[in-house]
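# Architecture at a glance
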Amino acid sequence: MLLGLAAGLVGVLALMRKRSLMADTLSHASLPGIALAFILATTLGVNAKSLPLLMTGAAITGVLGVLAVQWLKTRTRLKEDACLGAILSTFFGFGIVLLSIVQTMRAGNAAGLPRFIYGQTAAMLPADAILMSAIAGLSIVAVLLLSKEFAVVAFDDEFSLVQGWPVSRLDLAMMALIVLVTVSGLQAVGLILVVAMLIIPPVAARFWTDRLWLLFVLAACFGTLSGYLGSSISALFPGKPAGSVIVLTSGVLFLVSMIAAPRRGVVAGLVRRIRLRLRFEVDHVCEAAYERSLESDRPVLTHATLQDLTKTRGLDPFTRAAVATALRTRHYVRSTPAGLEPTPAALARGARVYRNHRLWEQYLITHADIAPSHVDWSVDQVEHVLSADLIRQLEDALGQDGIDLRTPTPTIGAAP
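Owing to the predicted nature of the structure, the values given are computational and were not obtained by experimental measurement.

## Points about the side chain of S160
- The residue S160 is located in helix α8 (residues 157-162) in this model.
- Looking at S160, its side chain comes within polar contact range of the main-chain oxygen of V152, at 3.0 Å.
- Polar contacts involving the side chain of S160 include one to the main-chain carbonyl oxygen of D156, which spans 2.7 Å.
- Setting aside residues up to four positions removed in sequence, S160 forms contacts with V152, V153, W165 and V167.

## Focus: the sheet that holds strand β2 (residues 333-336)
- Spatially, the three strands line up as an open sheet ordered β1-β3-β2, and their pairing is antiparallel. At either margin of the open sheet sits one strand with a lone partner, and together these are β1 (301-302) and β2.
- Summarising the sheet, β1 and strand β3 (residues 339-342) pair through two bridges and their orientation is antiparallel. Bridge pairing in β3 places T302 opposite G339.

## Let's talk about the environment of L191
- You can see L191 is positioned in the loop between α10 (186-189) and α11 (194-206).
- Given the relative accessible area of 0%, L191 is considered buried.

## Here's the deal with a nonpolar patch on the surface
- Nonpolar side chains collect at one region of the surface, where M1, L225, Y228, L229, I233, L236 and F237 lie side by side and expose about 690 Å² of accessible area between them.
- Tracing the backbone through its elements, the reader meets M1 in the segment before α1 (2-16).

## Overview of the nonpolar core
- In this structure, L13, I178 and L186 are the most contacted members of the largest nonpolar core, which totals 72 residues.
- Considering every element that reaches this core, the biggest residue donor is helix α2 (residues 20-44), with ten residues.
- Of all hydrophobic cores here, the second largest spans 17 residues; its members include A289, L301, V333 and L347.

## So, the packing of aromatic side chains
- Going through the model one piece at a time under the given rule, you end up with three aromatic pairs.
- Residues Y290 and Y354 carry aromatic rings whose centres are separated by 5.2 Å and whose planes lie at 55° to one another, so their mutual orientation is tilted. In this pair, Y290 sits in helix α14 (residues 266-293) while Y354 sits in helix α17 (residues 344-367), placing the two residues 64 residues apart along the sequence.
- Accessibility expressed as a relative area gives 23% for Y354, which makes it partly exposed.

## Quick notes on the pattern of salt bridges
- Taken as a whole and assessed by the stated rule, the structure comprises ten salt bridges.
- Between D210 and R263 there is a salt bridge, with the nearest N and O atoms lying 2.7 Å from each other. Pair noted here: D210 is in the loop between α11 and α12 (212-236) and R263 is in the loop between α13 (242-260) and α14, with a separation of 53 residues, a long-range link.
- You can call D210 partly exposed: its relative accessible area is 42%.
- Note on R263: relative accessible area 56%, which makes it exposed.
- For R277, the salt bridge goes to E281, with nearest N and O atoms at 2.9 Å. Of this pair, R277 and E281 both sit in helix α14, four residues apart, which is roughly one turn of the helix.
- By sharing partners, the salt bridges in this structure join R206, D210, R263 and R264 into a single network.

## Thoughts on the pairing of β2
- As paired strands, β2 and β3 are joined by four bridges and run antiparallel to one another. Bridge pairing links S335 to L340 in β3.
- Where β2 hands over to β3, the hairpin turn is made up of two residues, counted between the paired strands.

## Re the packing of α1 against α12
- Relative to each other, α1 and α12 sit at 140°, their axes nearing to 7 Å. On the basis of the axis angle, α1 is oblique to α12. In terms of crossing hand, the pair formed by α1 and α12 is right-handed. Here G4, L5, G8, L9, V12, L13 and M16 of α1 come into contact with α12, specifically with L212, L215, F216, A219, A220, G223 and T224.

## Points about the confidence of the model for the chain
- On average, the chain scores 82 in pLDDT, and the residues at 70 or more come to 92%.
- For the chain, per-element mean pLDDT is lowest for helix α5 (residues 108-111), which scores 54, and highest for α14, which scores 91.
- Within the model, pLDDT remains below 50 along residues 408-416, and this stretch shows 17 contacts once partners closer than five positions in the same chain are excluded.

## Some words on the packing of α2 against helix α9 (residues 167-184)
- At their nearest, the axes of α2 and α9 sit 10 Å apart, and the two run at 50° to each other. Classed by the angle they form, the pair α2 and α9 counts as oblique. The handedness of the crossing between α2 and α9 comes out as right-handed. Residues M22, A23, L26 and S27 of α2 pack against M175, I178, V179 and T182 of α9.
- In terms of residue class, the contact of α2 with α9 is built from six nonpolar, two polar and no charged.

Rules used throughout
- Residues numbered from 1 in each chain as written.
- Predicted model: local features only at pLDDT ≥ 70, side-chain atom pairs only at ≥ 80, totals over all residues.
- Heavy atoms only, no water.
- Helix = DSSP H or I, 4+ residues; strand = E, 2+ residues; numbered from the N terminus.
- Polar contact = N/O pair within 3.5 Å; in protein donor to acceptor, adjacent residues only side chain to side chain.
- Contact = heavy atoms within 4.5 Å.
- Pairing = 2+ DSSP bridges.
- Buried < 20%, exposed > 50% of the residue type's maximum accessible area, 1.4 Å probe, protein only.
- Patch = residues over 30% accessible without salt bridge, like charges linked within 9 Å, V, L, I, M, F, W, Y side chains within 5 Å.
- Areas by Shrake-Rupley, 256 points an atom, 1.4 Å probe, with all protein chains shown as cover.
- Salt bridge = Lys/Arg side-chain N within 4 Å of Asp/Glu carboxyl O.
- Core = buried A, V, L, I, M, F, W, Y, C linked by side-chain atoms within 4.5 Å.
- Phe/Tyr/Trp six-rings, centres within 6.5 Å; stacked < 30°, edge-to-face > 60°.
- Axes fitted to C-alpha atoms, helices over the stretch in contact; angles between N-to-C directions.
- Parallel < 35°, antiparallel > 145°, perpendicular 65-115°, else oblique.
- Left-handed = near helix turned anticlockwise from the far one by under 90°.
- pLDDT = per-residue confidence, 0-100.
- Nonpolar A, V, L, I, M, F, W, Y, C, P; charged D, E, K, R; others polar.

Okay, structure coming up:
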């Protein structure tokens, strides 16, 4: 749980600094350090199973991997993803080769180094758990004390540098925290999955909020909850690796957040798109009714007109039924034997859309030098979302060209 809490907090820093994948490189680059530390300790005759020794080796090669990525980024024309992929795979491959050497040593299998790849929480000793808890606790305290400074650097490092902030030192401290949390989680969840503990809780929390302090809180809660539920589930079902179950639990939290978050979730986004499409289609029906009112004192949208509008707008039966329901519930139309008779409210809405259409159309023709035959489609996309301030600016701009569209709209003679 403490590791999940620390990973959630530090992961927010990595997310804001756009260095989430850097943690992946760091974790993979730690494997040769673990193997080298073991080989060196065995050669020198010291305790090769010492977790602090193995974690120190992991931290050293992990940092070397990160520095190698930074060097490639600044000294070559390679993109960051290519640099990450090259360094990650090279260090990991080197670590596998070293592990094969370790396996041939007499103490290799006894040390259980392969457990650092996939993690083995059950193999942890009480002293190992205390050490990792201390590292995680240190990371939590550092994040809480320096959260404001980290946030300033993460959002705009160039502005922070101009303002006199020690950007390099804060950046180094941020990277050190990522190294600490990554190394402390190696034995629990493994170097392949530890990056998930840093990335998934903050990303899941990002669906729920735009506020930084709440992002820290939610990421910490998601990380802690993943650790608690994953450990509990693993204990209830023997034989299931705790590290993998913890990461799987955090993945479930991410999936729930992605689907159900009130603003950024998939469901909320789908509802917004449906409502926006419905609003546009209602606008088009009202605009068509208003255009009819310019030709007749008692406009009626006949069945043929509605069929043409459906075909032109590409409405499927579901959308057409939804538009019809919206028009009736908002009292925009009344059914007649000839078709739909618009109410004054529908004609007023149609007049506004019609006017926006003319304003934007004239502006594109006179100021953007677009041929009149090419503006209709783009105007149809914009006429619904023109703000009052933008409409005023369009009227002023067209007025300077002698085009006055501020005349009153034609009298609407529809029956109340």
